[in-house]
Amino acid sequence: MNYSNIQKQDPVLYEIIKEEEKRQKQGLELIASENYVSEAVLEAMGSILTNKYSEGYPGKRYYGGNEIIDKAETLAIDRAKELFGAEHVNVQPLSGGPANIAVYFALLQPGDKVLGLSLDQGGHLTHGHPMNFSGKLFNIIPYTVNKETEEVDMDEVERIALAEKPKMIIAGFSAYSRTLDWKRFKEIADKIGAYTFADIAHISGLIAGKQLDSPVPYFDVVSTTTHKTLRGPRGAIIMCKEQFASAIDKAVFPGVQGGPHDHINAAKAIAFAEALKPEYQTYTKQIIINAKRLAAKLSEKGYRIVSGGTDNHLMLVDVFGSKGVTGKEAEKVLEQVGISVNKNMVPYDQRKPMDPSGIRLGTPALTTRGMQEVEMDVVADLIDRAIANRNDQAKLDEVKQAVIDFSLKFPVPGIA
Ligand code: DSN
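All values reported here derive from a predicted model rather than from experimental measurement. (Residues numbered from 1 in each chain as written. Predicted model: local features only at pLDDT ≥ 70, side-chain atom pairs only at ≥ 80, totals over all residues. Heavy atoms only, no water.)

The immediate surroundings of the ligand are formed by Ser33, His124, Ser174, His202, Lys228 and Arg360. Take Ser33: an N or O atom from its side chain is 2.7 Å from an oxygen atom of the ligand. If the ligand stood free it would expose 240 Å²; the protein chains cover 61% of that surface. In terms of residue class, the shell around the ligand is made up of no nonpolar, 4 polar and 2 charged. (Near = heavy atom within 4 Å. Polar contact = N/O pair within 3.5 Å; in protein donor to acceptor, adjacent residues only side chain to side chain. Areas by Shrake-Rupley, 256 points an atom, 1.4 Å probe, with all protein chains shown as cover. Nonpolar A, V, L, I, M, F, W, Y, C, P; charged D, E, K, R; others polar.)

On to the environment of Val317, then. Tracing the backbone through its elements, the reader meets Val317 in strand 12 (residues 314-318). Note: C-alpha distance between Val317 and Ala245 (72 residues apart in sequence) is 40 Å. With near-sequence residues (within four places) excluded, Val317 lies in contact with Leu298, Tyr303, Arg304, Ile305, Ser357, Gly358, Ile359 and Leu361. (Helix = DSSP H or I, 4+ residues; strand = E, 2+ residues; numbered from the N terminus. Contact = heavy atoms within 4.5 Å.)

Attention now goes to the pairing of strand 15 (residues 358-362). Of all 5 residues that make up strand 15, 5 are buried, and the element is covered over most of its length. Because side chains alternate across strand 15, one face comprises the buried residues Gly358, Arg360 and Gly362, and the other comprises Ile359 and Leu361, equally buried. Relative to strand 15, strand 12 runs antiparallel, the two being bridged by 5 bridges. When the sheet's bridge partners are listed, Val317 is paired in strand 15 with Ile359. Where strand 14 (residues 342-344) lies against strand 15, 3 bridges are found, and the strand directions are antiparallel. (Buried < 20%, exposed > 50% of the residue type's maximum accessible area, 1.4 Å probe, protein only. Pairing = 2+ DSSP bridges.)

For the rest of this paragraph, the subject is the sheet that holds strand 5 (residues 113-117). Reading across from one edge, 4-10-9-8-7-5-6 is the order of the 7 strands in this open sheet, with mixed pairing throughout. Since the sheet does not close on itself, it has two edges, and those belong to strand 4 (88-90) and strand 6 (139-143), each with one partner. With strand direction ignored, the average angle separating the axes of adjacent strands in the sheet is 20°. Packing of helix 4 (residues 67-84) onto the sheet brings it into contact with strand 4 and strand 10 (236-240), and relative to strand 4 it is tilted by some 130°. In the packing of helix 7 (residues 154-164) onto the sheet, the strands contacted are strand 5, strand 6 and strand 7 (168-172), and the crossing angle to strand 6 comes to about 155°. (Axes fitted to C-alpha atoms, helices over the stretch in contact; angles between N-to-C directions.)

Right, let's talk about the packing of helix 4 against helix 11 (residues 262-275) for a bit. In the contact formed by helix 4 and helix 11, the axes pass within 8 Å of each other and the chain directions differ by 35°. As helix 4 runs across helix 11, the sense of the crossing is left-handed. Seen from helix 4, the contacting residues are Ile69, Ala72, Glu73, Leu75, Ala76, Arg79, Ala80 and Leu83; seen from helix 11, they are Asp262, Asn265, Ala269, Ile270, Phe272, Ala273 and Ala275. Along the lines of polarity and charge, the residues of the contact of helix 4 with helix 11 split into 11 nonpolar, 1 polar and 3 charged. (Left-handed = near helix turned anticlockwise from the far one by under 90°.)

Attention now goes to helix 17 (residues 393-407). Between the first and last C-alpha of helix 17 there are 21 Å, a value that for 15 residues agrees with the 21 Å anticipated at 1.5 Å per step. Taken as a whole, helix 17 has its buried residues at Leu396, Val399, Val403, Ile404, Phe406 and Ser407. If you follow the buried residues of helix 17, they end up packed against helix 2 (11-26), strand 1 (28-29), helix 14 (327-336), strand 13 (339-340) and helix 16 (373-388). Taking the backbone nitrogen of Ala394 as reference, a side-chain oxygen 3.2 Å away marks Asp392 as the first, capping residue of helix 17. (Expected span 1.5 Å × (residues − 1).)

Take empty space enclosed by the protein next. Within this structure, the stated rule accounts for 2 cavities of 30 Å³ or more. Roughly 70 Å³ of internal volume is contained in the largest cavity. If you go around the largest cavity, the residues you meet are Gln121, Glu150, Ala175, Tyr176, Ser177, Arg178, Val306, Ser307, Met315, Leu316 and Pro347. Of the residues belonging to the lining of the largest cavity, the class tally is 6 nonpolar, 3 polar and 2 charged. Estimates place the volume of the second largest cavity at around 40 Å³. Along its surface, the second largest cavity is lined by Leu49, Ile69, Ala72, Glu73, Asp262, Asn265 and Ala266. For the lining of the second largest cavity, the secondary-structure elements that each account for two or more residues are helix 4 and helix 11. Here the lining of the second largest cavity is composed, by residue class, of 4 nonpolar, 1 polar and 2 charged. (1 Å grid on protein atoms, 1.4 Å probe; cavity = no way out; pocket = protein on both sides within 12 Å on 5 of 7 lines; lining within 4 Å. Points joined across faces, edges and corners; volume = space filled by probe spheres on them.)

Structure, rendered in structure tokens:
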């Protein structure tokens, strides 16, 4: 991508893009929900498909001239079905939040009871946070992780479900490093006649790459963003059993959204084709190997990893509990040396969300750059050096230079 037209027409914005390119190239991206898309995905997002309005679905549109857009959307749907083995797929959700809103509205009425993992325990805003539509409109019954193991305790989920009889059970997370027992969730839901909804936004790439078990065979509805481990454009999809297809489609459009973003849906089709290739399985396997190695190395250096390790692409590090540095301070000092992470609550955190005890780290982006186990040792070392020397600017400058020298050895797709 050389952005030559932007350079001519809008030098101010061109400079901003070049600045961000430099940040991405010279830094280490450890935000668990981020990744680098391929140049083919970038091209589709920048294509003339953005010029079209196509409210409706393939073959049933509210605008003329959609016979070609229909082919692109159908391609995305068919590839997603093949990738996940789903009966029905809606590829139009603009992002994870809108996708989840559509799922609630397809299956429930405002005021209905929903069981979800709370945000401060690793869940997601849309799983019932009081400031989110989910917590405002629905009666949310939270479940938590076990205080000792810091893992979801399925016996506890069953106990709450049987007592509360929610209309829907959500399984999914944005900051949880262990696997979920999809089959058991379904068995519990069946005992009370509840709908099952899995939000696999973080791990859908690991599922598509056949590294983790899938909820798709068991669950009524499964949503995922397309830009995290799945390595596609910013957006989302909803998968469901055929019996929910019409309700889901109506909830997405006209329920929640207007016109779909056809250029983004085309980019989703490309990302799904990439994920169907054997090399994507190798990539996703390496993401997990790298995460386990990074967690082990940080652990050796005295950092407490929540639940003792990871089975997926991410880990929560209790920096306050193990090093006396808050999540906010750790995020800031790491940012100063070019390492991007996000502060995060740890389970049963005594601190506040804006300055919690933990940071969340993930390996999808670094693995896309070709990093393997030995590089994770270097990354753990750089993180530790920055945190240990957080009050010594000269040492931090040295770490920053080391981050740049190291990062530049690993190319970022789309950046020369
Ligand atoms: N913002 C995403 C994440 O970082 O996990 C979830 O929506």
